[in-house]
Amino acid sequence: MVGEGNSGLLSGGAMQWLRRWAYNASGFNKLGLWHDDCLYEDDEVKEAVRRLPERLQDDRTFRITRAMQLSLSHQILPREQWTTFDEDIRYLKPYLEEVRKENREKAEWSKK
Amino acid sequence: MASKLMKSNILRSLPARRFAAQAATKSSDYGVLPREPLKTTTLPNGVVVASIENQSPLSRVAIAVRGGSRYETPENRGATHLLRIVAGLTNAENTAFGLTRELQQLGASLACSADREVLIYSADATRNHMDVVMELLANAATRQVFKPWEITDIKPHLKLDVETTPAEVSLIEDLHLAAFRQSDLGNSVVAPHHLIGQLGPDQLASHLSRTLLAGRTAVCGTGIDHETLVEYAQGLQLPQGEGPAPAARYGGGELRTEIGGGVALVAVAAEGAGRSAATAAQQAVLQAVLGAGAVVKYGAGRGVLGAAAAQAGGAAAALNAVYSDTGLVGYTVAAEADKAGQVIEAVNKAFKTTSLTAEDVNRGKALAKAAVLRADDNSGSCVETMGVQGASLGKVSAVTDALAAIDAVKLSDVQTLHKRLVGGKLSMAARGNLRTVPYLDQL
């Protein structure tokens with residue numbers, strides 16, 4: 001899974017190169033989006049987004065709106081404004097993990 | 001005919017004799033375990049531990065912290081009210097859901113209550129489950145995390161609580177505000193309506209960081225072994241520190257809230273002594289003499305004030321609010337709007353001019369002792385009393401000490417106290433339909 005530690009198949013440096021290449025090839029950074037903006041919004045993701053601090057929610061909304069505008073006008077951002085691999089923070093990850101943990105706990109209890 | 005037969009002595013005496021014969025056998029072949037006396041320990045870090053092994057199948061443990069509403073700052077006013085509401089939400093070890101289900105599964109309960117001085121987290125459960133429940137209590141009381149979204153989700157509950165505050169509670173809050181003005185003991189236990197918006201995780205955390213300290217905490221229990229409780233208290237992670245000191249200044253004043261309706265509620269009080277003062281027992285006796293509540297359900301108030309009020313067509317009771325450094329002693333009156341003026345005049349006259357006799361004081365002593373014993377008998381109020389004493393005074397006294405102090409009260413003490421109180425500056429709060437209610441300077 002992208003974002004995990006060493007793969008076992010490739011050495012650390014090679015793995016990093018492959019990840020950067022895959023990131024740039026996927027193209028969402030050309031619309032100024034971050035990885036977590038592109039997650040499919042199922043119930044867990046929706047709840048995680050609800051829990052984001054206001055600032056992070058606003059930034060996310062801005063990026064998504066800008067990307068939608070670019071998409072409908074068949075444009076991409078100038079190269080200087082593309083999201084880089086290093087600045088792309090997985091901001092939703094801790095919240096999403098917490099939501100998933102809570103759902104697992106509820107499932108455990110309902111089994112009893 | 002059949003019924004006449006039943007009434008004849010012969011037929012009735014047969015079963016009666018049999019039951020009597022059965023009752024003659026020895027009733028107890030096992031020893032009855034006595035209720036043990038109070039045991040207290042003060043840990044090196046300052047936590048006071050107190051327990052009574054009352055041999056009950058139900059254990060109760062409480063963590064009391066000297067962090068009531070009097071220690072709120074202007075920036076976090078209302079924090080204790082919100083803390084009470086969020087007591088069962090996610091903490092460092094349990095989610096809100098998990099905590100609730102775990103407690104339900106064990107048949108336990110967790111509660112948080114607070115007054116002006118002390119914030120108490122308490123839990124009770126059957127003895128065999130108490131160890132798990134104590135862990136959950138420690139997490140809820142000392143390892144809060146305050147998730148922002150949970151606080152936001154529960155804000156409507158706070159708003160509902162504030163808006164459905166009973167008139168009697170508001171009256172007493174107003175009295176404290178009038179007496180102690182806008183800080184310390186004047187801080188209401190109910191969050192101010194206009195400040196609900198500013199309450200959030202930061203305010204809660206700041207209140208706890210100022211007051212949840214080892215030197216301000218007491219751990220009390222009933223139905224639990226003292227060594228177990230000491231070990232439990234040692235395991236609590238509490239920071240060191242002094243925290244804010246009590247700084248109440250009695251000013252005196254008046255607060256009238258006209259809301260119409262058919263009833264007027266009035267409270268009048270003078271400054272009283274603190275919990276550890278020599279006059280505390282005398283105050284309790286005075287309150288009992290003046291009349292604190294009815295003995296018989298739905299009965300008219302008793303005592304000097306109750307009788308005066310009943311004659312004028314209303315109800316009155318003596319008020320004795322005791323805090324660690326000061327207090328309020330006075331009376332509360334409830335009457336229909338038309339009669340309120342007369343009732344208050346009558347009660348005020350009785351309050352100020354009643355001459356106390358030895359019989360009055362003996363009656364007061366008996367009532368006060370009964371009240372102390374009644375509170376001690378109920379394990380819930382027993383734990384609460386221990387918690388309040390331990391957290392606010394740093395030591396817990398046994399009931400026998402309180403009874404001895406009441407016994408030592410003399411008629412002259414109570415008379416001196418009474419004279420001093422009625423001569424002091426009074427505070428007044430009134431709520432309801434106040435068209436006949438006199439002002440403080442008219443009393």
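Reading the values: rules and limits
Residues numbered from 1 in each chain as written. Chains lettered and ligands numbered in written order. Predicted model: local features only at pLDDT ≥ 70, side-chain atom pairs only at ≥ 80, totals over all residues. Heavy atoms only, no water. Domains from an automatic or database assignment. Contact = heavy atoms within 4.5 Å. Buried area = accessible area lost by both parts, 1.4 Å probe. Salt bridge = Lys/Arg side-chain N within 4 Å of Asp/Glu carboxyl O. Polar contact = N/O pair within 3.5 Å; in protein donor to acceptor, adjacent residues only side chain to side chain. Helix = DSSP H or I, 4+ residues; strand = E, 2+ residues; numbered from the N terminus. Nonpolar A, V, L, I, M, F, W, Y, C, P; charged D, E, K, R; others polar. 1 Å grid on protein atoms, 1.4 Å probe; cavity = no way out; pocket = protein on both sides within 12 Å on 5 of 7 lines; lining within 4 Å. Points joined across faces, edges and corners; volume = space filled by probe spheres on them. pLDDT = per-residue confidence, 0-100.

Brief notes about the domain arrangement of chain B
Residue and element names in this part refer to chain B.
Then comes step 1: The domain architecture assigned to chain B consists of domain 1 (39-234) and domain 2 (254-442).
Then comes step 2: Contact residues are listed per partner, giving 34 residues for domain 1 and 38 residues for domain 2.
Then comes step 3: For the pair domain 1 and domain 2, the two sides together bury roughly 2,700 Å², of which 74% comes from carbon and sulfur.
Then comes step 4: Linking domain 1 with domain 2 are three salt bridges.
Then comes step 5: Between R275 and E117 there is a salt bridge whose closest N-O contact spans 3.2 Å.
Then comes step 6: Seen at the junction of domain 1 and domain 2, the total is eight residue pairs in polar contact (both at pLDDT 80 or more).
Then comes step 7: Here the element with the most residues in the side of domain 1 that touches domain 2 is helix α7 (residues 167-180); it accounts for 12 residues.
Then comes step 8: Residues belonging to the side of domain 1 that touches domain 2 are distributed by class as follows: 19 nonpolar, six polar and nine charged.

Structural notes on the layout of surface pockets
Residue and element names in this part refer to chain B.
Then comes step 1: Computed from the structure, the second largest pocket encloses a volume of approximately 630 Å³.
Then comes step 2: In terms of lining residues, the second largest pocket is bounded by 24 residues, among which R77, L177, S188, V190 and P192 are the most central.
Then comes step 3: Contributions of two or more residues to the lining of the second largest pocket are made by α6 (148-163) and α7.
Then comes step 4: The element that contributes the greatest number of residues to the lining of the second largest pocket is α7, accounting for four residues.
Then comes step 5: Across the lining of the second largest pocket, the residue classes break down as seven nonpolar, 10 polar and seven charged.

Regarding the confidence of the model for chain B
Then comes step 1: Averaged over every residue, the pLDDT of chain B is 90; the share at 70 or more is 92%.
Then comes step 2: Here the prediction assigns the complex a pTM of 0.87, and the interface score ipTM is 0.86.

Observations regarding the interface of chain A and chain B
Then comes step 1: Taken together, the contact between chain A and chain B spans eight residues of the former and nine residues of the latter.
Then comes step 2: Summing both sides of the interface, chain A and chain B together bury roughly 900 Å²; the carbon and sulfur share of this comes to 60%.
Then comes step 3: A salt bridge links R50 of chain A to D153 of chain B; its shortest N-O distance comes to 3.0 Å.
Then comes step 4: Put simply, chain A and chain B have three residue pairs in polar contact (both at pLDDT 80 or more) between them.
Then comes step 5: Contributions of two or more residues to the side of chain A that touches chain B are made by α2 (43-51) and α4 (93-111) of chain A.
Then comes step 6: If you tally residues by element for the side of chain A that touches chain B, the top one is α4 of chain A, at six residues.
Then comes step 7: Split by residue class, the side of chain A that touches chain B holds two nonpolar, no polar and six charged.

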